Each structure stands twice: as C-alpha cells, then as structure tokens.
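# Per-entry structural report
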Amino acid sequence: MGKRDSGEVAAVDLLGDPVQPIRDPRGRKSAVANATIRKEIQTVVMSMRSVGKTQEDIAQYLHMDAKTLRKYFSRELDHGAMLLEGMAMQVLVKKMLDGNVSAAKEVQKICAARSAPRSSAPKQPKAPPLGKKDQLNNEARTPTLGWGDVLPN
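Here the structure is a predicted model, which means the values were calculated and not measured.

## Some details on the overall build of the protein
Secondary structure assignment for the protein yields seven helices and zero strands. Counting from the amino terminus, the protein carries its helices and strands in the arrangement α-α-α-α-α-α-α. A total accessible area of about 13,700 Å² is found for the protein, and carbon and sulfur atoms account for 57% of it.

## Topic: the side chain of Gln 55
Along the polypeptide, Gln 55 turns up in helix H3 (residues 55-62). Given a relative accessible area of 18%, Gln 55 falls into the buried group. Within the structure, Gln 55 has its side chain in polar contact with the side chain of Arg 70 (distance 3.1 Å).

## Some thoughts on the side chain of Glu 76
Assignment of secondary structure puts Glu 76 in helix H5 (residues 74-97). Taking relative accessible area as the criterion, Glu 76 reaches 2% and is therefore assigned buried. Leave out the neighbours within four places in its chain, and Glu 76 touches Gln 42, Val 45, Met 46, Arg 49 and Leu 83.

## Observations regarding the pattern of salt bridges
Evaluated as defined, the whole model comprises four salt bridges. Residue Glu 76 is joined to Arg 75 by a salt bridge in which the shortest nitrogen-to-oxygen separation is 3.5 Å. Glu 106 serves as the salt-bridge partner of Lys 109, at 3.6 Å between the closest nitrogen and oxygen. On the criterion of helical spacing, the pair formed by Lys 109 and Glu 106 is a turn pair, its members being three residues apart in helix H6 (residues 101-115). Classification of Lys 109 by relative accessible area gives exposed; the value is 54%. Judged by relative accessible area, Glu 106 falls into the partly exposed class, the value being 32%.

## With respect to the packing of helix H2 (residues 35-50) against H3
At their nearest, the axes of H2 and H3 sit 10 Å apart, and the two run at 145° to each other. The crossing of H2 and H3 is right-handed. Where H2 abuts H3, its residues Ile 41, Val 44, Val 45, Met 48 and Arg 49 lie against Gln 55, Ile 58, Tyr 61 and Leu 62.

## A word on the packing of H2 against H5
Relative to each other, H2 and H5 sit at 90°, their axes nearing to 7 Å. It follows from the interaxial angle that H2 and H5 lie roughly perpendicular. Along its contact with H2, which presents Gln 42, Val 45, Met 46, Ser 47, Arg 49 and Ser 50, the element H5 presents Arg 75, Glu 76, Leu 77, Gly 80, Ala 81, Leu 83, Leu 84 and Met 87. Of the residues that constitute the contact of H2 with H5, the class distribution is seven nonpolar, four polar and three charged.

## Comments concerning H5
The terminal C-alpha atoms of H5, which comprises 24 residues, lie 33 Å apart, in line with the 34 Å expected from a rise of 1.5 Å per residue. At Gly 80, H5 shows its largest bend, some 85°. Structurally, H5 contributes buried residues whose contacts are with H2, H3, helix H4 (66-72) and H6. One or two positions beyond H5, positive phi appears at Gly 99, with a value near 110°.

Quick notes on the rules
Residues numbered from 1 in each chain as written. Predicted model: local features only at pLDDT ≥ 70, side-chain atom pairs only at ≥ 80, totals over all residues. Heavy atoms only, no water. Helix = DSSP H or I, 4+ residues; strand = E, 2+ residues; numbered from the N terminus. Areas by Shrake-Rupley, 256 points an atom, 1.4 Å probe, with all protein chains shown as cover. Buried < 20%, exposed > 50% of the residue type's maximum accessible area, 1.4 Å probe, protein only. Polar contact = N/O pair within 3.5 Å; in protein donor to acceptor, adjacent residues only side chain to side chain. Contact = heavy atoms within 4.5 Å. Salt bridge = Lys/Arg side-chain N within 4 Å of Asp/Glu carboxyl O. Axes fitted to C-alpha atoms, helices over the stretch in contact; angles between N-to-C directions. Left-handed = near helix turned anticlockwise from the far one by under 90°. Parallel < 35°, antiparallel > 145°, perpendicular 65-115°, else oblique. Nonpolar A, V, L, I, M, F, W, Y, C, P; charged D, E, K, R; others polar. Expected span 1.5 Å × (residues − 1). Bend = angle between axes of the 7 residues up to and from the residue.

On their own, these measurements won't tell you what the molecule is for.
Pasting the structure below:
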C-alpha cells in the first residue's frame, strides 16, 4: 500500500508478474524501414545488377537474405539495367531542356542509334534439316581420307 500512497504505479499485473509490452499485432517488421531507405536500396540493386553482380552478391552486400532481396526488389533485379538507363536518359533530357548543348547532342546520338536499322544484310533462309537417309547418302558420296579406314590392322 505504501507504493500507492507515494504516487508510483507498480509495473506488475494482477497476479504479480511483471508487465510485458504489447507485441505488435501486424507481424514482422518490413525489411525496408521507410521510403527514402527503399529508394537508396533500389538504386544500389539496379546499379549492381546492371554491372552483372549476382543476387547472392547483392544480398550479401546489403546484409539481407537472397529470398528477402527477391521478395522486395524483384523488379530491380529483373530489369535493373533498363531502369538505370531510363533514369540516366531522364537526367540527360532534363539537362537538354535546360539548354545544355552537349546533352542535346548526346540525346540526338542516342536517338539516332536507336532508330537505325538493326541489320542491313538480308537474312539467308535456313536449309531444311536433312533426314537420316539423306545424311547417310551424303556421307557415302564423300571419299574417305585414306586407306587406313578401310584396311584391317
């Protein structure tokens, strides 16, 4: 009773056990705490993936499991180089619109390379595959290299 009179509240429940804090009912915390950290991790994953790093290497660098990396950053893992190239192109176009002449020339060069025809040589049609009898007939028509194949030892 002395504790109640002094104004202090005891941290025990009705049975006298210590009071435990209530667990978070929403489950396990996310691997990514907030949006700014997520953006930084996305950039790291895209840049590392675009230079050819494996998922295990990226996960080890970020101190997380490879499954967690695949769960939260599958888009960046699958299309990292394309996403990074798109971000670079956005920056380049923004500089071009601000009046940077070298950025405008670079955009023109990239657009010309993208719109150029892929291959100027016409594709040769493939010959249909030969059947077993045709292969044996062709082999029978070609002479052997020497008598060593025919004569016994």
